[in-house]
Amino acid sequence: MRKVHLLLIAVLFSSAMAYGQQAVITLHGDESKYSINKNIYGHFAEHLGHCIYDGIYIGDTNKLIPNTEGVRNDVIAALKKLKVPVIRWPGGCFADTYHWKDGVGPKKDRPAMVNKWWGGVTEDNSFGTHDFLNMCERVGADPYLTCNVGSGTVQDVSQWIEYVNFAGKSPMSDWRRANGRDKPWQVKYFGVGNEAWGCGGSMTPEYYANEYRKYATFMTDYTNGGLYRIASGANADDYHWTEVLMRDIPHDMLEGIALHYYSIIDWGGKGPAVNFTREQYFTILKNALRMEELVTRHSTVMDKYDPEKKVGLVVDEWGGWYDVEPGTNPAFLFQQNTMRDAMIAGVTLNIFNNHCDRVRMANLAQMVNVLQAVILTDKEKIILTPTYHVMEMYNVHQGAEQIPVTVSNINYVQGKDTLPAISASASKDKNGVTHLSLVNIDPDKTNMVVVRFSGTVYRKVSGRILASSSVQDHNSFDDPDKVKPVSFAGAELRDNVLQVKLPPASVVVLALN
Ligand code: AHR
């Protein structure tokens, strides 16, 4: 049997020669230890530009766009199909200026405020706590509320939790009932501020750790053990921030620590979302792949204080960040979404899947019309971006048993620089089907991948692919289906060895039985 395998690999190798080198991937099905938390496939919606207003919420008097209580039905349907597990709201930087009490009760009585971080526009508070939590129920997603630590109070936070979660009679739960909601929503996920090192209050980690302890003390669990408090985490490679929080916050008051990391060329010149150069493509992918190092090193710090891995790493902001589309408000962060973004999504989700022992949640920034969005809207029109399609293809990994993979990689070469061309992750779902997600980031080369399986025998393979003739390709309101997944015929399974032919800049998800 072993001889047959060796012979087959030799045959595959010789056919692969026609395409240059090949990557060899091994799935260690006999070494599964962790499941992939479905919340790794989470999203983030901030009061920023047209994410909430026009993107999600169009007001309850809009007759032109079908909606339920002002939330677009087309957006809800697309999010349901995506199987969005969790949505973070209301920010981002906005969260530390947000006073939740201004966003409940009759809309005509709600005070307005200035959205100081995002263009100084007037926020009328018409989309508030009920609107968000009811929307999550419709989508089937868990809500994740980011609390105001920067400019709020402990009392506000403690009362917000009482308002949304307390089943008995109390001033806050009575107010909720008076505002039309009897049953509590049972919200589990609460962020204790956002980017406390920056827009959330410019704090030191030591000061924030103390603040966190104070807030967490008054965050009562009304959910019978479900409360999940997430500390405002590090900016990219600030390992000291993670270290101080892990050291100074008692672990019985800490369920998760956040991490924010964006794939950006340079804050001074982020480059366009479309019509980027080959160098810009390479740099963005290089920066996206850096997530591997960040997650590994933050996890190492966490392992030192929490070897049993009780505290989760929550990457609650990630994605590609470019210059805004010409002619749009620079503070609204509206950008197109190309096959380059599909590459970012594919490799990043593979990294999260492979680190699911520590990464328990991640939230793509942001859900609609902002940064690496899965949905773009223009009045009554809606498009699903290449990033949407990757997240939809990958949703088979949600809650599945992770299968460790090892990759003997090949290079994607740009001038004198190289990156690993192939990215992979795998899992086995509750029906026993194994899914393997593969990305070939090389924009020019078809790459061959040989996949071996240790501990499992497969007989059937099928799959889908997302690819297009150029990495610049994207969906537009005139051509909404230019980029979409189709069934994939480039995988061949013989004698338990799989050979896959991955076109340039492609994402493939295979199902193996
Ligand atoms: O996602 C946009 C902004 O990026 C968020 O508001 C903030 O948390 C981060 O700096």
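Sequence order as written defines residue numbering, which begins from 1 separately in each chain. Only residues with pLDDT of at least 70 are given local features in this predicted model, and only at 80 or more are side-chain atom pairs given and counted; all residues enter the totals for whole chains, interfaces and linings. For side-chain calculations, the full set of non-hydrogen atoms in the structure is used, while hydrogens and water are omitted.

Draft legend 1. Quick look at the site of the ligand. Around the ligand sit Phe 44, Glu 46, Gly 92, Cys 93, Trp 118, Asn 194, Glu 195, Tyr 262, Glu 317, Trp 321, Gln 366 and Leu 371, and that is every residue in its neighbourhood. Here Glu 46 contributes a side-chain N or O atom positioned 2.7 Å from an oxygen atom of the ligand. Under the convention used here, a 1.4 Å probe and the Shrake-Rupley method define accessible areas, while residue burial counts only the protein chains that appear. Out of a free accessible area of 280 Å², the ligand has 93% covered by protein chains. Spatially, the ligand is embedded in the second largest pocket. Gly is placed with the polar residues, together with every amino acid not listed as nonpolar (Ala, Val, Leu, Ile, Met, Phe, Trp, Tyr, Cys and Pro) or charged (Asp, Glu, Lys and Arg). A per-class count over the shell around the ligand returns six nonpolar, three polar and three charged. If even one non-hydrogen atom of a residue comes within 4 Å of a molecule or strand, that residue is called near it. In protein, a polar contact means a hydrogen-donor-capable atom and an acceptor-capable atom, both N or O and within 3.5 Å, with residues adjacent in sequence counting only if both atoms are side-chain atoms; elsewhere, any N or O pair within 3.5 Å suffices. A cavity here means a set of 1 Å grid points, computed over protein atoms only, where a 1.4 Å probe fits but cannot escape. A pocket is an open set with protein on both sides within 12 Å along at least 5 of 7 lines, and lining residues have an atom within 4 Å of a point. Put plainly, a molecule is in a cavity or pocket when over half of its atoms are within 2 Å of the grid points there.

Draft legend 2. Molecular detail of the layout of surface pockets. Grid points are joined across faces, edges and corners, and a volume is the space filled by probe spheres set on the points. Estimated volume of the largest pocket: approximately 490 Å³. What lines the largest pocket is a set of 23 residues, among which Glu 292, Asn 350, Ile 351, Asn 354 and His 355 lie closest to the centre. Numbering of helices and strands runs from the N terminus; a helix is a DSSP stretch of H or I covering at least four residues, while a strand is a stretch of E covering at least two. Listing elements by their share of the lining of the largest pocket, those giving two or more residues are helix 8 (278–289), helix 10 (339–354), strand 17 (405–408), strand 19 (417–420) and strand 20 (422–428). Along the lines of polarity and charge, the residues of the lining of the largest pocket split into twelve nonpolar, six polar and five charged. Domains are outlined according to an automatic or database domain assignment. If you count residues domain by domain, the lining of the largest pocket takes at least three from each of domain 1 (7–32 + 403–512) and domain 2 (38–399). Of the volumes computed, that of the second largest pocket is approximately 410 Å³. Lining the second largest pocket are 25 residues, with Asn 235, Tyr 262, Ile 264, Trp 267 and Trp 321 sitting closest to its centre. With three residues, strand 11 (residues 256–263) is the largest single contributor of residues to the lining of the second largest pocket. Each residue belonging to the lining of the second largest pocket can be placed in one class, and the counts come to 14 nonpolar, six polar and five charged.

Draft legend 3. Representation of the sheet that holds strand 25 (residues 491–494) within the structure. The five strands are arranged 17-1-22-26-25 in an open sheet whose pairing can be described as mixed. Looking at which strands have only one partner, the edges of the open sheet turn out to be strand 17 and strand 25. Strand-to-strand, the axes of this sheet are offset by a mean angle of 20°, without reference to chain direction. One ladder, built from four bridges, connects strand 1 (residues 22–28) with strand 17; its direction is antiparallel. Each residue of the ladder has a partner; that of Ile 25, found in strand 17, is Val 407. Any two strands are treated as partners once DSSP identifies two or more bridges connecting them. Geometry is summarised by axes, namely lines fitted to C-alpha atoms with helices restricted to the contacting stretch, and by angles between N-to-C directions that run from 0 to 180 degrees.

Draft legend 4. Structural context of the domain arrangement of the protein chain. Per the domain assignment, the segments of the protein chain are domain 1 (7–32 + 403–512) and domain 2 (38–399). Taking only C-alpha atoms into account, the centre of domain 1 sits 31 Å from that of domain 2. By the convention used here, residues are in contact when the closest approach between their heavy atoms is within 4.5 Å. Every contact between the two is made by 42 residues of domain 1 and, on the other side, 38 residues of domain 2. Summed over both partners, the accessible surface that disappears when two parts come together, traced with a 1.4 Å probe, is what is meant by buried area. Across the domain 1/domain 2 interface, buried area totals approximately 3200 Å², and carbon plus sulfur atoms make up 66% of it. Looking at the side of domain 1 facing domain 2, the largest losses of area belong to Gln 414, Gln 472 and Phe 477, adding up to 21% of the total buried there. The salt bridge definition used is simple: a Lys or Arg side-chain nitrogen within 4 Å of an Asp or Glu carboxyl oxygen. Seen at the junction of domain 1 and domain 2, the total is two salt bridges. When the shortest N-O distance is used, the salt bridge between Asp 444 and Arg 278 registers 2.3 Å. Looking at the side of domain 1 that touches domain 2, the elements with two or more residues in it are strand 18 (411–414), strand 19, strand 20, strand 21 (434–440), strand 23 (461–466) and strand 27 (506–512). Ranked by the residues each element gives to the side of domain 1 that touches domain 2, the list is headed by strand 20, at five residues. Per-class residue counts for the side of domain 1 that touches domain 2 are 21 nonpolar, 15 polar and six charged.

Draft legend 5. Layout of the side chain of His 355. By the element assignment, His 355 lies in the loop between helix 10 and strand 13 (359–365). Polar side-chain contacts of His 355 include one of 2.9 Å to the side chain of Glu 292. Leaving out residues up to four positions away in the same chain, His 355 has contacts with Glu 292, Val 295 and Thr 296.

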